[in-house]
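Chain and residue survey
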Amino acid sequence: MRAQLAVSSLIIFGIILVGLGFARLPYVITYDETVAIQTSRVTTVVETEAIVRTTTMELTEAFETTILSTTFSTETAVTTNTLTRVAAEVSNQTVAAEAALVTGPITIQPSRTLELSWKSNKTVDIYIAVGSYLNTSGWMLVGRGVIGSAAIPFDGEAEIYVITRTSDAAASVSFTAVETWPETITETKTTTLSTLLTTTLTTTRYLTSETTDTTSYTTEKPLYYVTTLVTTVTETRYPDLSFMTLMGSFIIFVGILFMVLLLRTLGKPVEKQ
């Protein structure tokens, strides 16, 4: 009987703890708190400010100067000269009527001209024959008379013979065979012309100067200061009783467990001796 009473008391105590955990009974606490208050007031002050002024002055100067101007001109001159070479010369040769006077061979270079000039005391015929064609069918008449001249141009290189004939009695003949060709000379000439020019040049300079002025003025500015205030704070707080609820539940569980064990023990019959 006493054991049941003790277990019942344990269960009731656990129920009371659970009830207090769910009830959350309030309590009041009072304490002093120091508060710092920042405030301000408007005051009149005199301030000084530096003002910097920058002045720029432009100076323009003009002066005369002499400049040497040099110009170059190029001229090209083309000059053509005629070059000559005596290829053959006969002086006072006697030519019989029955026999021609053959002079050669004379080699003529390409693009050149053979100029023949003769003089005789009687009329003569002047022929030329190219290469080995010395028979009469290959002769070419280039001139006839006591005095005369002829010019024969050749495109390619040739080897010729000069043939002199007369139909009279013996004639005294003199002739000259001259090879001529042009020569072109290109000459480039550069001419330098120097001229003195007088011109006016203008230069610009900038002068910068700075001046500093001090000015004073009166203005209103806020003046901040901090005051300390002690105040009493009263708070109503609620305790955190979750631990009490947990412990009360545990005690109830243990009490019920003991009660079950106790009832099982008391329910067994007593064996007689």
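Structure first, text after, so check above.
Residues numbered from 1 in each chain as written. Predicted model: local features only at pLDDT ≥ 70, side-chain atom pairs only at ≥ 80, totals over all residues. Heavy atoms only, no water.

Quick notes on the overall build of the chain
- The number of helices and strands found in the chain is two helices and six strands.
- From first element to last, N terminus to C terminus, the chain shows the α and β order α-β-β-β-β-β-β-α.
- Within the chain, buried positions represent 21% of all 273 residues.
- A fraction of 91% describes how many contacts in the chain between residues 6 or more apart in sequence connect residues 24 or more apart.
- Accessible surface, the chain as shown: approximately 19,800 Å² in total, 56% of it carbon and sulfur. (Helix = DSSP H or I, 4+ residues; strand = E, 2+ residues; numbered from the N terminus. Buried < 20%, exposed > 50% of the residue type's maximum accessible area, 1.4 Å probe, protein only. Contact = heavy atoms within 4.5 Å. Areas by Shrake-Rupley, 256 points an atom, 1.4 Å probe, with all protein chains shown as cover.)

Looking at the side chain of Thr164
- Residue position: Thr164 is located in strand S5 (residues 158–165).
- Not counting residues within four places of it along the chain, the set of residues in contact with Thr164 comprises Val95, Ala100, Leu101, Val124, Asp125, Ile126, Val173 and Phe175.

Comments concerning the nonpolar core
- In this structure, Ile106, Leu114, Leu116, Phe154 and Ile160 are the most contacted members of the largest nonpolar core, which totals 22 residues.
- Of all the elements in the fold, those that place two or more residues in this core are strand S1 (27–95), strand S2 (101–108), strand S3 (112–130), strand S4 (140–154), S5 and strand S6 (171–237).
- For this core, the element with the most residues is S3, which contributes six residues.
- If we ignore the near neighbours within four places in the chain, the residues touching Ile160 are Gly104, Pro105, Ile106, Ile108, Leu114, Ala129, Val130, Gly131 and Phe154. (Core = buried A, V, L, I, M, F, W, Y, C linked by side-chain atoms within 4.5 Å.)

Some thoughts on a nonpolar patch on the surface
- Judged by side-chain polarity, Leu10, Phe253, Leu257, Phe258 and Leu261 come together as a nonpolar surface patch covering roughly 470 Å² of accessible area.
- No other element matches the four residues that helix H2 (residues 242–266) contributes to the nonpolar patch.
- With respect to the helices, strands and loops of the structure, Phe258 is situated in helix H2.
- Given a relative accessible area of 43%, Phe258 falls into the partly exposed group. (Patch = residues over 30% accessible without salt bridge, like charges linked within 9 Å, V, L, I, M, F, W, Y side chains within 5 Å. Salt bridge = Lys/Arg side-chain N within 4 Å of Asp/Glu carboxyl O.)

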